[in-house]
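Residue-level structural notes
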Amino acid sequence: MRRLKSMFGSDRQEPARGHVAPRPTVETVLAPERPFVAIGDVHGRCDLMIPMFENIRKDLGSETPVVFLGDYIDRGVNSAETLNTLFKWQTDSPETVICLMGNHEKMMLEFIDDPIGKGARWLVNGGDETLGNYGISAKAAKMDSENAVETADALEAALPEGLQGWLRNLPLKWSNGNMHCVHAAMNPNKSTESQSQRTLLWGHEDFLREPRTDGQTVVHGHTVMAEPTIGDGRISLDTGAYMTGILGAAYISEGDCVFNA
């Protein structure tokens, strides 16, 4: 598979500290109905995302679908601007800008809904950094129940009008021919239509160990890879942008996959 930096605007070659994909044993079939671009986990690096998107539009035009694979927030330097930008892009071009739900967006919404219970885990997974982007100070180790509720209320109030509703309605999957874009994974032993929400958002123990054998291909992020990879019915695009400065992406057309790094 080829690599092309010019379209994506990426010049850096710092390796990610991530998973090394096993040697493929099964052919990966690339048969989308129309060419598209998929972009891995942004994690607040809008400084990488914006020029990449602008270059894609310049080179491929406004009709090529661009799919963002989730995890737009936490860990990076500017989650608020990343969300605001994606919200505008997707609202302006709903057919050609597709934003999927990631587990970090899910945790953020759980914090709003249940800051004392299930939502509390968000704060120790980068949520405190996102809150800081919205001018809200929060330290998970020092937060009692009252402070957690107040912090969740402050976050709700800080979100731009319409953004929370947009987040809650983000899809878990986008399919194009035999290509299926999700955030984390699909169970290789179940059909693409029979996947649980948990698997799509959080992963599956067999996903990176067993190949798909049904001719379907999963495009995903979530698991940091040393570089974008393809094999065994998977295309992996999380290159740990928040720590490496490389935002993983691929241009996928019939029989071809062009990586940016």
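Residues numbered from 1 in each chain as written. Predicted model: local features only at pLDDT ≥ 70, side-chain atom pairs only at ≥ 80, totals over all residues. Heavy atoms only, no water.

Some words on unusual backbone geometry
For residues other than glycine, phi is negative in most cases, and the peptide bonds are mostly trans. Stated precisely, the cut-off is as follows: The helix and strand labels rest on DSSP assignments: H or I over at least four residues marks a helix, E over at least two residues marks a strand, and numbering proceeds from the N terminus. Accessible area is worked out with a 1.4 Å probe on protein chains only. A residue is then buried under 20% of its type maximum, exposed over 50%, and partly exposed in between.
At D71, a position not held by glycine, the phi torsion is positive, near 60°. Of note, D71 is situated in the loop between β3 (66-68) and α3 (79-92). What makes D71 buried here is its relative accessible area of 2%. One non-glycine residue, D232, lies in positive phi territory at about 55°.

Description of the sheet that holds strand β5 (residues 173-176)
We count it as follows: At least two bridges found by DSSP between two strands is the condition for calling them paired. Only the contacting stretch of a helix is used when fitting its axis, a line to C-alpha atoms as for every element, and angles between N-to-C directions run 0 to 180 degrees.
The sheet built from five strands is open, its strands ordered β5-β6-β7-β9-β8 with mixed pairing. In this open sheet, the two strands that pair with only one neighbour each are β5 and β8 (229-231). In this sheet, adjacent strand axes meet at a mean angle of 15° when their direction is disregarded. As paired elements, strand β6 (residues 179-182) and strand β7 (residues 217-220) share three bridges and run parallel to each other. Directly across from M179, in β7, lies its bridge partner T217.

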